[in-house]
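One-letter residues, chain by chain:
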Amino acid sequence: MVFTFTSVRPPPPQKPPEPPDDQHRDYSRSNEDTIKVSFRDKVLGTKMHAVKEKVDLIANNMAKIELVQVVKLLGKNLGYNTMKNKLENIWKLMGGIELMDVGNAFYMVKFDGEEDKNKVINEGPWMIYDRYLTVRQWTPNFNASTAKIDKTMAWIRIPSLNLVFYDESVLWAIASMVGNPIKVDLQTLKVARGRFARMCVEVDLTKPVVGRVGINGEWYQVQYEGLHIICTHCGCYGHLMKDCAPPTKQSVTDVHDSGRKNE
Ligand SMILES: [Zn+2]
């Protein structure tokens with residue numbers, strides 16, 4: 001397997017060599033060096049050509065970086081082959097993907113093209129084994145051992161919601177009380193599901209999740225699909241009541257991975 005993106009790094013900063021003795025620096029000579037251009041360079045423009053090549057290379061590498069995302073399944077650590085099969089099954093992309101296990105249950109994914117990458121970013125939330133797959137842009141300073149998942153997209157349900165509230169703008173407003181609203185389940189709008197309204201929101205996992213919302217003086221319970229470990233004491237995702245500690249000391253990522261390994 002070839003991972004072209006592993007070699008993608010910003011070039012090291014070009015540092016001029018320090019003069020041995022600053023007081024006796026020969027400025028006239030260094031100026032002469034920078035001005036001196038050979039005839040061959042003037043004619044062929046090789047220096048300019050080299051610079052242009054370098055810029056092209058960096059731009060090209062940046063474009064490749066754009067196609068690399070980091071994914072992690074919340075609360076479950078999948079082995080390489082299972083992860084690859086599952087991703088290919090749920091995403092159904094036009095091109096292929098290259099996958100690399102970068103540790104701590106994080107995987108780097110390189111897409112063949114922009115279209116596939118955009119599909120993955122825009123058509124979420126993606127779920128594997130009823131758990132959310134978090135997707136984020138990879139950057140060269142990404143560190144799997146210290147990276148934390150502090151938010152995820154999640155489907156929420158409001159059971160027993162009066163039918164008068166089944167309107168896109170109303171459901172959107174309700175979703176915004178729970179988190180950053182992403183979309184409303186179209187089946188909900190058609191009232192085909194009947195018993196509950198369903199919206200997708202971005203949930204901040206570093207804070208207690210919203211347990212209920214008040215609409216016109218009535219309280220409605222908020223249910224979270226796929227977030228299986230919500231503490232009934234503090235309301236935070238990632239641990240059970242018996243393991244409850246002040247949320248600031250709780251490492252969300254560590255807790256996610258304390259469960260099952262490599263299936
Ligand atoms: Zn707790």
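Residues numbered from 1 in each chain as written. Predicted model: local features only at pLDDT ≥ 70, side-chain atom pairs only at ≥ 80, totals over all residues. Heavy atoms only, no water.

**Some points on the coordination of the zinc ion**
Quick reminder of the rule: Coordinating donors are taken to be N, O and S atoms lying within 2.8 Å of the metal, or within 3.2 Å when the metal is Na, K or Ca; because water is excluded from the atom set, some sites may appear incomplete. By the criteria applied here, four donors are tetrahedral when all angles lie between 85 and 135 degrees, four are square planar and six octahedral when opposite donors are over 155 degrees apart and every other angle lies between 65 and 115, and any other arrangement is irregular.
The protein atoms that coordinate the zinc ion are Cys231 (SG), Cys234 (SG), His239 (NE2) and Cys244 (SG), at distances spanning 2.1 to 2.4 Å. The site at the zinc ion holds four donor atoms, and with the angles between them running 104 to 113°, its shape is tetrahedral.

**Topic: the sheet that holds strand β3 (residues 106-111)**
Using the following cut-off: One bridge is not enough; two strands pair if DSSP finds at least two bridges between them. Each helix corresponds to a stretch of at least 4 residues labelled H or I by DSSP, and each strand to a stretch of at least 2 residues labelled E; elements are numbered beginning at the N terminus. The axes are straight lines fitted to the C-alpha atoms, using for helices just the contacting stretch, and the angles between their N-to-C directions are given from 0 to 180°. The contact definition used throughout considers only heavy atoms, calling two residues in contact when any of these lie within 4.5 Å.
Taken in spatial order, the five strands line up as β2-β3-β1-β5-β4 in an open sheet, and their pairing is antiparallel. Each end of this open sheet is capped by a strand with a single partner; those strands are β2 (97-103) and β4 (126-128). In this sheet, adjacent strand axes meet at a mean angle of 35° when their direction is disregarded. As defined by bridge partners, β4 adjoins strand β5 (residues 131-137) across three bridges and the pair is classed as antiparallel. Residue pairing in the sheet places Ile128 in a bridge with Arg131 of β5. Packing against the sheet, helix α4 (residues 80-91) makes contact with β1 (68-73), β2, β3, β4 and β5, and its axis sits at approximately 135° to β2.

**A word on the environment of Glu115**
For Glu115, the location among the structural elements is in helix α5 (residues 114-122). Here the alpha-carbon distance between Glu115 and Leu67, two residues 48 residues apart in the chain, equals 9.7 Å.

**Brief notes about the UniProt feature "domain: CCHC-type" (unreviewed entry) in the protein chain**
Counted only if it meets this: UniProt positions are given in the numbering used here, feature names are shortened, and annotations may be inferred rather than shown by experiment.
Mapped onto the present numbering, the UniProt feature "domain: CCHC-type" (unreviewed entry) falls on residues 231-244. In residues 231-244, helix accounts for 0% and strand for 0%; the two terminal C-alpha atoms are 7 Å from one another.

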